[in-house]
Amino acid sequence: MRSSARTAGTNLILSSLLAALSYLPFEIVAKATLIVCVFLFVLDPFPESRLISVAGVLGVLAINRARRRFLVSSEIAGGDQP
């Protein structure tokens, strides 16, 4: 019973942190994510955490690339209108 309370508390803290991050600009969240991934990659000796770190970096890069394409395409589409 005690471990389920601890898990619920941890999930609440994580949920609150993610909710707070949703109000920050994308660039700040992306940079913070990359810093955490580099920190985990360098300091955590387990191969699984290193794979998760690399996947996190690749995920941030993919989202950033998609965001740039979307912004460029929206500027092009908006430029055609008077």
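Conventions and cut-offs
- All residue numbers refer to positions counted from 1 along the written sequence of the respective chain.
- A pLDDT threshold of at least 70 governs which residues receive local features in this predicted model, and a stricter bar of 80 or more applies before side-chain atom pairs are shown or counted, although totals over entire chains, interfaces and linings include all residues.
- Based on all heavy atoms of the structure, the side-chain values leave hydrogens and waters out of the count.
- Per the convention used, a helix needs a DSSP run of H or I reaching at least four residues, while a strand needs a run of E reaching at least two, with both numbered from the N terminus.
- Burial here depends on accessible area, computed with a 1.4 Å probe over protein chains only, as a share of the maximum for the residue type. Under 20% is buried, over 50% is exposed, and the range in between is partly exposed.
- Pairs were defined over the aromatic rings of Phe, Tyr and Trp, the Trp ring being its six-membered one, requiring ring centres within 6.5 Å. Orientation was assigned from the angle between planes: stacked under 30 degrees, edge-to-face over 60, tilted for the rest.
- Both a distance and an angle decide whether a charge sits over a ring: NZ of Lys or CZ of Arg must be within 6 Å of the ring centre and within 35 degrees of the ring normal.
- Like-charged residues are merged into a patch within 9 Å and nonpolar side chains (Val, Leu, Ile, Met, Phe, Trp, Tyr) within 5 Å, provided each residue has over 30% relative accessible area and no salt bridge.
- We get accessible surface area from the Shrake-Rupley algorithm with a probe of 1.4 Å; when it comes to residues, only the shown protein chains can shield them.
- For salt bridges, the criterion is a side-chain nitrogen of Lys or Arg within 4 Å of an Asp or Glu carboxyl oxygen.
- Residue contacts are defined here by distance: any two heavy atoms, one from each residue, within 4.5 Å place the two residues in contact.

With that settled, the discussion passes to the overall build of the chain. Broken down by element type, the chain carries 3 helices and 0 strands. Beginning at the N terminus, the succession of helices and strands in the chain can be written as α-α-α.

Locating Leu51 in the fold gives a position in helix α3 (residues 47–79). Here Leu51 falls in the exposed class, since its relative accessible area comes to 62%. Placed 10 residues apart in sequence, Leu51 and Phe41 show a C-alpha to C-alpha distance of 8.2 Å.

If you walk through the whole model with that rule in mind, you get 0 aromatic pairs. Above the ring of Phe41, the side-chain terminus of Arg50 is found at 5.2 Å from the ring centroid.

On the surface, Val36, Val38, Phe39, Leu40, Phe41, Val42, Leu43, Val54, Leu58 and Leu61 cluster together into a nonpolar patch covering about 920 Å² of accessible area. Secondary structure elements with two or more residues in the nonpolar patch: α2 (26–43) and α3. At 7 residues, the largest contribution of residues to the nonpolar patch is made by α2. By secondary structure assignment, the location of Leu61 is in helix α3. The exposure class of Leu61 is partly exposed, given its relative accessible area of 46%.

A few words on the side chain of Ser53. With respect to the helices, strands and loops of the structure, Ser53 is situated in helix α3. By relative accessible area, Ser53 is classed as buried at 2%. Each residue touching Ser53, except ones within four places of it in the same chain, is listed here: Cys37, Leu40 and Phe41.

Tracing the sequence through the fold places Val29 in helix α2. Considered as a pair, Val29 and Val60 are 31 residues apart in the sequence and their alpha carbons are 9.5 Å apart. Residues contacting Val29, with those up to four places away along its chain left out, are Leu21 and Leu24.

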